[in-house]
Amino acid sequence: MKRLITGLLILPIRFYQGAISPHFPPSCRYSPTCSQYAVEALRKHGPIKGLWLAVRRILRCHPWGGSGYDPVP
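Residues numbered from 1 in each chain as written. Predicted model: local features only at pLDDT ≥ 70, side-chain atom pairs only at ≥ 80, totals over all residues. Heavy atoms only, no water.

You'll find the chain entered in an unreviewed UniProt entry as Putative membrane protein insertion efficiency factor, with Muribaculum gordoncarteri given as the organism. Under the UniProt heading Sequence similarities (unreviewed entry), the entry covering the chain gives this text: "Belongs to the UPF0161 family." (UniProt positions renumbered as here; feature names shortened; annotations may be inferred.)

The following block contains the structure:
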């Protein structure tokens, strides 16, 4: 069940990566990108903690936030 929920949460991220993101110039402050970070966090930590980590990362992505290499813990 955990894998099914994780897969369902990854689907919209993959849609964004394939259909929306290519139409905008790269502007990520972090490496890996927030969408790739979200996929890795979901796969590594499951749907609850992975979603929490992804949301936290997206909220840090602003002009006054950090930048650079930020791997999934």
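**Q** Provide a residue-level description of the nonpolar core, including the pertinent values.
**A** Counting six residues, the largest nonpolar core consists of I10, I13, A38, V39, L42 and A54. Only α1 (2-20) and α2 (34-60) provide two or more residues apiece to this core. Among the elements that make up this core, the one with the highest residue count is α2 (four residues). Those residues within four positions of L42 in sequence are excluded, and the remaining contacts are T6, L9, I10, I13, P47, G50 and L51. (Core = buried A, V, L, I, M, F, W, Y, C linked by side-chain atoms within 4.5 Å. Buried < 20%, exposed > 50% of the residue type's maximum accessible area, 1.4 Å probe, protein only. Helix = DSSP H or I, 4+ residues; strand = E, 2+ residues; numbered from the N terminus. Contact = heavy atoms within 4.5 Å.)

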